[in-house]
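Coordinate inspection notes
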Amino acid sequence: VQLQASGGGVVQAGGSLRLSCAASGRTLSTQAVGWFRQAPEKQRVFVAAISWSASRQYYADSVKGRFTISRDNAKNTVYLQMNILKPEDTAIYYCAAMRRFASGDYFVRGEYDYWGQGTLVTVSS
């Protein structure tokens, strides 16, 4: 499966953005999907994840209550709605998918087998 992340941009603090992770090649409906982000000179870290069945969502403490992950299997797309953005949210955001029907440790990068190219989010103060 190929993943394409989009929706990044420049936004003022307190604003909102919605990122999309569109899949091609096959259906994404049987794969858990996560979002990670990498700020300049920092490691790539977990942001949010959703199970393949959509029954479970997971969030990093830093984004809980502000970000929401969801999926639309009809559109083969996973979304990350980001509200009340802060300058520290500035990063390249990557989406990633696990193997089909896998449900590993959602917080760990190594559990994901497929990665998109990233989309840049810049939050100005």
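It should be noted that the structure appears before, not after, this text.
I will try to describe carefully the structure that is included in this document. These numbers were taken from a predicted model, which means no experiment stands behind them. (Residues numbered from 1 in each chain as written. Predicted model: local features only at pLDDT ≥ 70, side-chain atom pairs only at ≥ 80, totals over all residues. Heavy atoms only, no water.)

**Comments concerning the overall build of the chain**
On a plain count of helices and strands, the chain comes out with 0 helices and 11 strands. When the helices and strands of the chain are listed from N to C terminus, the series reads β-β-β-β-β-β-β-β-β-β-β. Projecting the C-alpha coordinates of the chain onto the three principal axes gives extents of approximately 40 × 25 × 25 Å. Within the span of the chain, comprising 125 residues, buried residues form 45% of the whole. (Helix = DSSP H or I, 4+ residues; strand = E, 2+ residues; numbered from the N terminus. Buried < 20%, exposed > 50% of the residue type's maximum accessible area, 1.4 Å probe, protein only.)

**Details of the sheet that holds strand β1 (residues 2-6)**
Spatial ordering of the open sheet is given by β1-β3-β8-β7, a layout of 4 strands whose pairing is antiparallel. Each of the sheet's edge strands pairs with one partner strand only, and the pair in question is β1 and β7 (67-72). Strand after strand, the sheet turns through a mean of 15° between neighbouring axes, direction not considered. Where β1 and strand β3 (residues 17-24) come together, 5 bridges link them in antiparallel fashion. Counterpart to Gln 2 in the pairing with β3 is Ser 24. (Pairing = 2+ DSSP bridges. Axes fitted to C-alpha atoms, helices over the stretch in contact; angles between N-to-C directions.)

**Let's talk about the state of the cysteines**
Applying the stated criterion across every chain yields a total of 1 disulfide. Here Cys 21 connects covalently by a disulfide to Cys 95, the sulfurs 2.2 Å from one another. Taking the sign of the S-S torsion, about 70° here, the bridge from Cys 21 to Cys 95 comes out right-handed. With a gap of 74 residues between them, Cys 21 in strand β3 and Cys 95 in strand β9 (residues 91-97) connect regions that are remote in the sequence. Judged on exposure class, the residue Cys 21 and its partner Cys 95 are both buried. (Disulfide = S-S within 2.5 Å.)

**Some words on the pattern of salt bridges**
Overall, the coordinates contain 4 salt bridges when judged by the stated rule. Of the charged contacts, one joins Arg 66 and Asp 89 as a salt bridge, the two residues approaching to 2.7 Å between their closest N and O atoms. Pair noted here: Arg 66 is in the loop between β6 (57-59) and β7 and Asp 89 is in the loop between β8 (77-82) and β9, with a separation of 23 residues, a long-range link. One exposure class covers both Arg 66 and Asp 89, and it is buried. Measuring nitrogen to oxygen at the nearest pair gives 3.2 Å for the salt bridge that ties Asp 113 to Arg 99. (Salt bridge = Lys/Arg side-chain N within 4 Å of Asp/Glu carboxyl O.)

**Some points on the packing of aromatic side chains**
One pass over the structure, following the stated rule, counts 8 aromatic pairs. Centroid distance Phe 36 to Phe 46: 5.7 Å. Interplanar angle 80°. Geometry classified as edge-to-face. Of this pair, Phe 36 sits in strand β4 (residues 33-38) while Phe 46 is found in strand β5 (residues 44-50), placing the two residues 10 residues apart along the sequence. Seen from their ring centres, Trp 52 and Phe 101 are 5.1 Å apart, and the 90° between their planes marks the pair as edge-to-face. (Phe/Tyr/Trp six-rings, centres within 6.5 Å; stacked < 30°, edge-to-face > 60°.)

**Structural notes on the nonpolar core**
Trp 35, Leu 80, Met 82 and Tyr 93 are the most contacted members of the largest nonpolar core, which totals 38 residues. Those elements that provide at least two residues to this core are β1, β3, β4, β5, β7, β8, β9 and β11 (119-124). (Core = buried A, V, L, I, M, F, W, Y, C linked by side-chain atoms within 4.5 Å.)

**Some remarks on the pairing of β8**
Burial analysis of β8 places 5 of its 6 residues in the buried class, which makes it a mostly covered element. Bridge analysis of β3 against β8 gives 6 bridges, and the strand direction is antiparallel. Residue pairing across strands places Ala 22 opposite Thr 77, the latter belonging to β8. Sheet topology note: the β7/β8 ladder contains 6 bridges and is antiparallel. Within β8, the residue paired with Phe 67 across the bridge is Met 82.

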